[in-house]
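The lines below spell out each chain.
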Amino acid sequence: RFDVVDTPGLELDGNREADDGQRGASPELGEALFRAAGREILEADAALLLLDGAVGATGADDDAGRWLRRHAGATPRVVAFNKCEDGREVSAADWAAAAKHADVGPRPSRDLAR
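For clarity, every value in this text was computed on a predicted model and none was experimentally measured.

Enquirer: Whenever I open this one, the packing of aromatic side chains confuses me. Can you help?
Expert: Geometrically, a pair of aromatic rings is defined through the distance of the ring centres and the angle of the planes. Counted according to the given criterion, the structure contains one aromatic pair. Relative to tryptophan 95, the ring of phenylalanine 81 lies with its centre 5.3 Å away and its plane at 75°, an arrangement referred to as edge-to-face. Placement of phenylalanine 81 in strand β2 (residues 77–82) and of tryptophan 95 in helix α3 (residues 92–99) is noted, with a sequence separation of 14 residues between them. You can call phenylalanine 81 buried: its relative accessible area is 14%.

Below, the structure is given as structure tokens:
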């Protein structure tokens, strides 16, 4: 048995605009959510950084990965890609970008180094 806690997404560039164009209630709310995410990660058995396989690893993902490394403490970090259905493949460069933020998770094989 395990519990899953879904923390808010991390937007570290200062842009907390939602997909629908609405801005958050206040900057204080965003900071409170970051603190809460940090506490949850420290208490977790593992932390998952989920990246969009359709888009590929971005600078924002790299920022989130660095934030996770700083705040995870001894919590193992796992990085995974979603949206990889229909034969979509993650590039070797994206695997490499993701792997630097993981203790366990994506490790590009020699087959991916095309």
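Enquirer: Could you clarify how one ought to interpret the environment of valine 4 in this entry?
Expert: In this fold, valine 4 is placed in the segment before α1 (27–43). Residue class for valine 4 comes out exposed when judged on its relative accessible area of 68%. Sequence separation of valine 4 and aspartate 45 is 41 residues, and the distance between their C-alpha atoms is 10.0 Å.

Enquirer: Can you walk me through the pattern of salt bridges in this structure?
Expert: Between side chains of opposite charge, a pair can form when the charged atoms approach closely. Scanning the model with the defined rule gives five salt bridges in all. For aspartate 62, the salt bridge identified is with arginine 66, shortest N-O distance 2.4 Å. Taken as a pair, aspartate 62 and arginine 66 lie in helix α2 (residues 59–71) at a separation of four residues, close to a single helical turn. In this structure, aspartate 62 engages lysine 100 in a salt bridge whose closest nitrogen and oxygen atoms are separated by 3.2 Å. In this pair, aspartate 62 sits in helix α2 while lysine 100 sits in the segment after α3, placing the two residues 38 residues apart along the sequence. Judged by relative accessible area, lysine 100 falls into the partly exposed class, the value being 48%. Overlapping salt bridges, with partners in common, bring together Asp62, Asp63, Arg66 and Lys100 in one network.

Enquirer: Explanation requested: the nonpolar core in the structure shown.
Expert: If you look at the biggest cluster of nonpolar residues, it comprises 15 residues, and the most contacted ones within it are Ile41, Leu49, Leu51, Trp67, Leu68 and Val79. Every element with two or more residues in this core is listed here: α1, β1 (47–52), α2 and β2.

Enquirer: Any chance you could explain unusual backbone geometry here in plain terms?
Expert: Backbone phi values are negative for most residues with the exception of glycine, while trans is the configuration of most peptide bonds. Located in the positive-phi region is lysine 83, a residue other than glycine, with phi close to 60°. Summarising the element assignment, lysine 83 is placed in the loop between β2 and α3.

Enquirer: Would you mind showing me how to read the side chain of arginine 77 here?
Expert: Relative to the helices and strands, arginine 77 resides in strand β2. Arginine 77 sits in the buried class, given a relative accessible area of 11%. Looking at arginine 77, its side chain comes within polar contact range of the main-chain oxygen of histidine 101, at 2.9 Å.

Enquirer: I would appreciate a short explanation of α2 in the present structure.
Expert: With 13 residues, α2 extends 18 Å from end C-alpha to end C-alpha; this agrees with the ideal 18 Å at 1.5 Å per step. Among the residues of α2, those classed as buried are Asp61, Asp62, Ala64, Gly65, Trp67 and Leu68. Phi for glycine 73, located one or two positions after α2, is positive at around 60°.

So, how was this worked out
Residues numbered from 1 in each chain as written. Predicted model: local features only at pLDDT ≥ 70, side-chain atom pairs only at ≥ 80, totals over all residues. Heavy atoms only, no water. Phe/Tyr/Trp six-rings, centres within 6.5 Å; stacked < 30°, edge-to-face > 60°. Helix = DSSP H or I, 4+ residues; strand = E, 2+ residues; numbered from the N terminus. Buried < 20%, exposed > 50% of the residue type's maximum accessible area, 1.4 Å probe, protein only. Salt bridge = Lys/Arg side-chain N within 4 Å of Asp/Glu carboxyl O. Core = buried A, V, L, I, M, F, W, Y, C linked by side-chain atoms within 4.5 Å. Polar contact = N/O pair within 3.5 Å; in protein donor to acceptor, adjacent residues only side chain to side chain. Expected span 1.5 Å × (residues − 1).

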